[in-house]
Amino acid sequence: MTPSRRCAALFLLFCLPVAQACRREKPATISTAQLDSLPAPPPLPLSHFNIPLVYDYTPVLAVVERAVPMKFGSIDSVRMVGNDPNRHYAYEAVRGPFTTFVSDNEVHLRATLSYAARGYFKPRFGPTISAGCGGDSAADRPRVTVELITPLTLTSDWHLSSRARIGRLGPVSSADRDRCTVSIIRYDVTQRVIDAAHDALNSHLPDIDRKISRVDLGSHFEEWWGLLNKPIRLTDNVWLLLGPERLRMGEVSGSGDDLIVDAGLDARPRIVTGAEPHVNVPPLPPLARDTAATGFHIVLGGLMSYADASKTI
């Protein structure tokens, strides 16, 4: 055998087994259609998000405005001072509009009552004598601060829930301007106005809670629920589906006219590829009670074709 033939034989001897080995180890090609037809991976554990839900609580202001009377008492309604038939008094108080603010996770509703009062003294001989305060000018009338407090929360069917109570109820200041003592009958009408306002407000608290409970926020959160179900584009032909399943009620705080609920979201997020997926938005689920969990615990799963993975990488 010539040297050239020996070289050729050695070349074939070493190269053919390598070529055969390469042919044996080359993986079979799986088409995109074949991969896409595979069953989806098993459901992943729930992921947990803590997210703020914000809603404007000014509808509560309108409810309280309608529920609390604008006027207390009447100058034409004369009352006896104790058991003394010679001394009588009358008062009339008008409520201003409520303002609101949030403190210690509760909504405070505050208004000012301005009032006028008159005292009547009938001596044993002679005509009845009268005197009063707050009758000359509405701007100079004595004033009483009225404050209602309620923690606001959401029920499982997305209605507001309230437990209103009376907070502060007393003169706006300690100045003489905000007290009314009728000298001719030696009687402080201020406390009578406060007592009457307390009784009137206390009788309306159940009505306030009942009317607030009719405030339905379901439609507001249905729109937000729809956004959570909308596919989120990560890059070309790659989408994140949050897969929300449940919302949980958490801590409540406030800012301005907004009440903020630190809600928990339970979801099964996954990543899909291809054209934007169509999602059938499920109905808004009942609101659940929150646990002590905070922060995020997220598990992601996805199914991607070889061609899409190669292209993305």
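Owing to the predicted nature of the structure, the values given are computational and were not obtained by experimental measurement.

Draft legend 1. Layout of the side chain of E147. One can find E147 in strand 7 (residues 143-150). For E147, a relative accessible area of 6% gives the class buried. Here the side chain of E147 touches R110 through a polar contact of 2.4 Å, side chain to side chain. Apart from residues no more than four positions distant in its own chain, E147 is found in contact with F101, H108, L109, R110, R165, I166, G167 and R168.

Draft legend 2. Geometry of the state of the cysteines. One pass over the structure, following the stated rule, counts 1 disulfide. Note that C133 is cross-linked by a disulfide to C180, the S-S spacing being 1.6 Å. Around the S-S axis, the bridge from C133 to C180 shows a dihedral of about -100° and counts as left-handed. Taken together, the residues span a long stretch of sequence, with C133 in strand 6 (residues 129-133) and C180 in the loop between strand 10 (165-171) and strand 11 (181-182) at a distance of 47 residues. Neither residue differs from the other here; C133 and C180 are each classed as buried.

Draft legend 3. Just the nonpolar core, in detail. The biggest cluster of nonpolar side chains holds 64 residues, and the ones touching the most others in it are L148, L154, V189 and I208. Of all the elements, helix 4 (residues 189-212) adds the most residues to this core, at 10 residues. Not counting residues within four places of it along the chain, the set of residues in contact with V189 comprises Y89, Y91, A117, C180 and V182.

Draft legend 4. Looking closely at helix 5 (residues 218-229). Over its 12 residues, helix 5 extends 16 Å from the first C-alpha to the last, a length consistent with the 16 Å expected when each residue adds 1.5 Å. Buried residues along helix 5 sit in contact with strand 1 (47-56), strand 8 (152-154), strand 15 (244-249) and strand 17 (258-267).

Draft legend 5. Structural context of the packing of aromatic side chains. If you walk through the whole model with that rule in mind, you get 2 aromatic pairs. Seen in terms of ring centroids, W158 and F221 are 4.9 Å apart; in terms of plane orientation they differ by 40°. Their pairing is tilted. Placement of W158 in the loop between strand 8 and strand 9 (160-162) and of F221 in helix 5 is noted, with a sequence separation of 63 residues between them. For W158, a relative accessible area of 3% gives the class buried.

Draft legend 6. Highlighting helix 3 (residues 58-67). Among the residues of helix 3, those classed as buried are V60, V63, V64 and A67. The arc that holds every buried residue of helix 3, seen down its axis, measures 95°, which confines them to one face. Residues of helix 3 that are buried make contact with strand 5 (106-121), strand 7, strand 8, strand 9 and helix 4.

Draft legend 7. Molecular detail of the packing of helix 3 against helix 4. Interhelical geometry of helix 3 versus helix 4 gives an angle of 145° and a closest axis separation of 9 Å. Between helix 3 and helix 4 lies a crossing of right-handed hand. Counting all contacts with helix 3, which are made through V60, V63, V64, R66 and A67, the residues of helix 4 involved are H204, D207, I208, K211 and I212. Here the contact of helix 3 with helix 4 is built from residues that sort into 6 nonpolar, 1 polar and 3 charged.

Draft legend 8. View of the pattern of salt bridges. Considering all chains together, one arrives at 15 salt bridges under this definition. For R233, the salt bridge identified is with D236, shortest N-O distance 2.4 Å. Each of the salt bridges in this network shares a partner with another, and the network as a whole consists of R143, R177 and D178.

Draft legend 9. Geometry of the confidence of the model for the protein chain. Per-residue confidence for the protein chain gives a mean pLDDT of 79, with 78% of residues at or over 70. Below pLDDT 50 for its whole length, residues 291-297 participates in 12 contacts with residues either more than four positions away or in separate chains.

Draft legend 10. Layout of the side chain of H108. Relative to the elements of secondary structure, H108 occurs in strand 5. H108 gets classed as buried once you look at its relative accessible area, which sits at 10%. A distance of 3.0 Å separates a polar atom in the side chain of H108 from a polar atom in the side chain of E147. The residues touching H108, leaving out its near neighbours within four places in the chain, are T99, T100, F101, S103, E147, L148 and I149.

Rules behind the numbers
Here the residue index of a chain counts from 1 through its sequence in written order. Only residues with pLDDT of at least 70 get local features here, since the model is predicted, and only at 80 or more are side-chain atom pairs given and counted; chain-wide, interface and lining totals rely on the full set of residues. The basis for every side-chain value is the complete set of non-hydrogen atoms in the structure, without hydrogens or water. What counts as a helix is a DSSP run of H or I of at least four residues, what counts as a strand is a run of E of at least two, and both are numbered from the N terminus. Residue exposure (1.4 Å probe, protein chains only): buried if accessible area is under 20% of the type maximum, exposed if over 50%, otherwise partly exposed. What qualifies as a polar contact is a pair of N or O atoms within 3.5 Å, subject to a donor-acceptor requirement within protein and to the restriction that residues adjacent in sequence count only when both atoms come from side chains. Any two residues having at least one pair of non-hydrogen atoms within 4.5 Å are treated as being in contact. Any two cysteine sulfur atoms lying within 2.5 Å of each other are counted as a disulfide. Buried residues of nine kinds, namely Ala, Val, Leu, Ile, Met, Phe, Trp, Tyr and Cys, make up a nonpolar core once their side-chain atoms join them within 4.5 Å. Expected span, for any helix, means 1.5 Å times one less than how many residues it has. Between 30 and 60 degrees the pair is tilted, below 30 it is stacked and above 60 it is edge-to-face, where a pair is any two Phe, Tyr or Trp rings, Trp via its six-membered ring, whose centres lie within 6.5 Å. In this description, the arc belongs to the directions extending from the helix axis to the C-beta atoms. Note on geometry: axes are C-alpha line fits, over the in-contact stretch for helices, and angles between N-to-C directions span 0 to 180 degrees. Left-handed describes a crossing in which the near helix is turned anticlockwise from the far one by less than a right angle; the clockwise case is right-handed. Residues are sorted three ways: Asp, Glu, Lys and Arg are charged, Ala, Val, Leu, Ile, Met, Phe, Trp, Tyr, Cys and Pro are nonpolar, and all the rest, Gly among them, are polar. For this analysis, a salt bridge means a side-chain nitrogen from Lys or Arg found within 4 Å of a carboxyl oxygen belonging to Asp or Glu. Here pLDDT means the predictor's own confidence in every residue, given as a number from 0 to 100.

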